[in-house]
Amino acid sequence: QVQLVESGGGLVQPGGSLRLSCAASGSIFSINAMGWYRQAPGRQRELVAAITSGGSTNYADSVKGRFTISRDNAKNTVYLQMNSLKPGDTAVYYCNADVRIALLSPVRYWGQGTQVTVSS
């Protein structure tokens with residue numbers, strides 16, 4: 001069993017910053033890619049950023065230059081630093097992790113989501 005627990009969401013004014021964290025725990029042998037998605041009301045869930053175990057990153061065009069994804073492999077934790085936030089960034093943010101348990105194939109797990117609201 002694997003759990004992903006997110007923290008760091010909240011209400012922030014336009015132009016402000018937030019840092020999201022997501023810690024994985026449980027029967028983890030290794031973690032491949034980790035990432036963040038978001039879902040705004042009435043819209044599909046979309047990729048925000050992803051990072052491989054080696055540190056390669058990928059970002060949605062809408063957040064490039066404003067958001068930074070990073071990870072601490074020793075802590076099985078992924079972070080999302082969000083700067084210059086805009087009202088359009090308002091959404092529920094979900095983390096995920098491709099977790100390998102023992103020598104089995106990786107399985108994608110999801111966090112419960114954390115609300116980010118950008119408003120004055």
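It should be noted that the structure appears before, not after, this text.
These numbers were taken from a predicted model, which means no experiment stands behind them.

*Asks:* Sorry, what's going on with the state of the cysteines here?
*Replies:* The bond known as a disulfide is covalent and runs between the sulfur atoms of two cysteines. What the rule picks out here adds up to 1 disulfide. Each sulfur of the disulfide joining C22 and C95 lies 2.0 Å from the other. The sign of the 45° torsion about the S-S bond sets the C22-C95 disulfide as right-handed. With a gap of 73 residues between them, C22 in strand β3 (residues 18–26) and C95 in strand β9 (residues 91–100) connect regions that are remote in the sequence. As far as the burial class goes, C22 and C95 line up, both buried.

*Asks:* How do you make sense of the pattern of salt bridges when you look at a structure like this?
*Replies:* Using the criterion set out here, one finds 5 salt bridges in the structure. A salt bridge links R38 to E46; the shortest N-O distance between them is 2.8 Å. The class for R38 is buried, based on a relative accessible area of 6%. Of the charged contacts, one joins R108 and D98 as a salt bridge, the two residues approaching to 2.8 Å between their closest N and O atoms. Here R108, found in strand β10 (residues 107–110), pairs with D98, found in strand β9; they are 10 residues apart in sequence, far enough to count as distant. Owing to a relative accessible area of 41%, R108 belongs among the partly exposed residues under this scheme.

*Asks:* Honestly, unusual backbone geometry in this entry has me stumped. Any pointers?
*Replies:* If a residue is not glycine, its phi is most likely negative; likewise, a peptide bond is most likely trans. In this model, N76 sits at a positive phi of 50°, which is unusual for a non-glycine residue. Within the secondary structure, N76 is located in the loop between β7 (67–72) and β8 (77–82). Positive phi values are uncommon outside glycine, yet S84 reaches one of about 50°. Among the structural elements, S84 can be located in the loop between β8 and β9. With a relative accessible area of 41%, S84 lands in the partly exposed category.

*Asks:* Any chance you could explain the pairing of strand β5 (residues 46–51) here in plain terms?
*Replies:* Looking down a regular strand, the side chains alternate between one sheet face and the other. Sheet topology places strand β4 (residues 30–39) next to β5; 5 bridges connect them, and they run antiparallel. Directly across from G35, in β5, lies its bridge partner A50. Two successive antiparallel strands, β4 and β5, enclose a turn made up of 6 residues, where G42 displays a positive phi of approximately 80°. Examined bridge by bridge, β5 and strand β6 (residues 57–59) share 3 bridges and lie antiparallel to one another. Each bridged residue has a counterpart across the sheet, and for A49 the counterpart in β6 is Y59. The turn joining β5 and β6, which pair antiparallel and follow one another in sequence, is formed by 5 residues; a positive phi near 100° is taken by G55.

*Asks:* Explain the side chain of R66 to me, please; I cannot follow it from the model alone.
*Replies:* Within the secondary structure, R66 is located in the loop between β6 and β7. Assessed through its relative accessible area of 10%, R66 is described here as buried. A polar atom in the side chain of R66 sits 2.9 Å from the backbone oxygen of S62. Engagement of the side chain of R66 in a polar contact is seen with the backbone oxygen of S84, the distance being 3.0 Å.

About the thresholds
The residue count restarts for each chain, going from 1 along the sequence in the order it is written. Only residues with pLDDT of 70 or above have their local features reported here, since the model is predicted, and side-chain atom pairs are shown and tallied only from 80 upward, although totals for entire chains, interfaces and linings are computed over all residues. Excluding hydrogens and water, the side-chain values take into account all heavy atoms of the structure. By disulfide we mean two sulfur atoms from cysteines, separated by a distance within 2.5 Å. Under the DSSP-based scheme used, a helix requires at least four consecutive residues in state H or I and a strand at least two consecutive residues in state E, with every element numbered from the N terminus. Here the term buried applies to any residue with accessible area under 20% of the maximum for its type, exposed to any over 50%, and partly exposed to those in between, with areas from a 1.4 Å probe on protein chains only. When a carboxyl oxygen of Asp or Glu is within 4 Å of a side-chain nitrogen of Lys or Arg, the pair counts as a salt bridge. Pairs of strands are assigned from DSSP output, requiring at least two bridges between the strands. Any pair of N or O atoms that falls within 3.5 Å is considered a polar contact. Within protein, one atom must be able to donate a hydrogen and the other to accept it, and sequence-neighbouring residues count only if both atoms are side-chain atoms.

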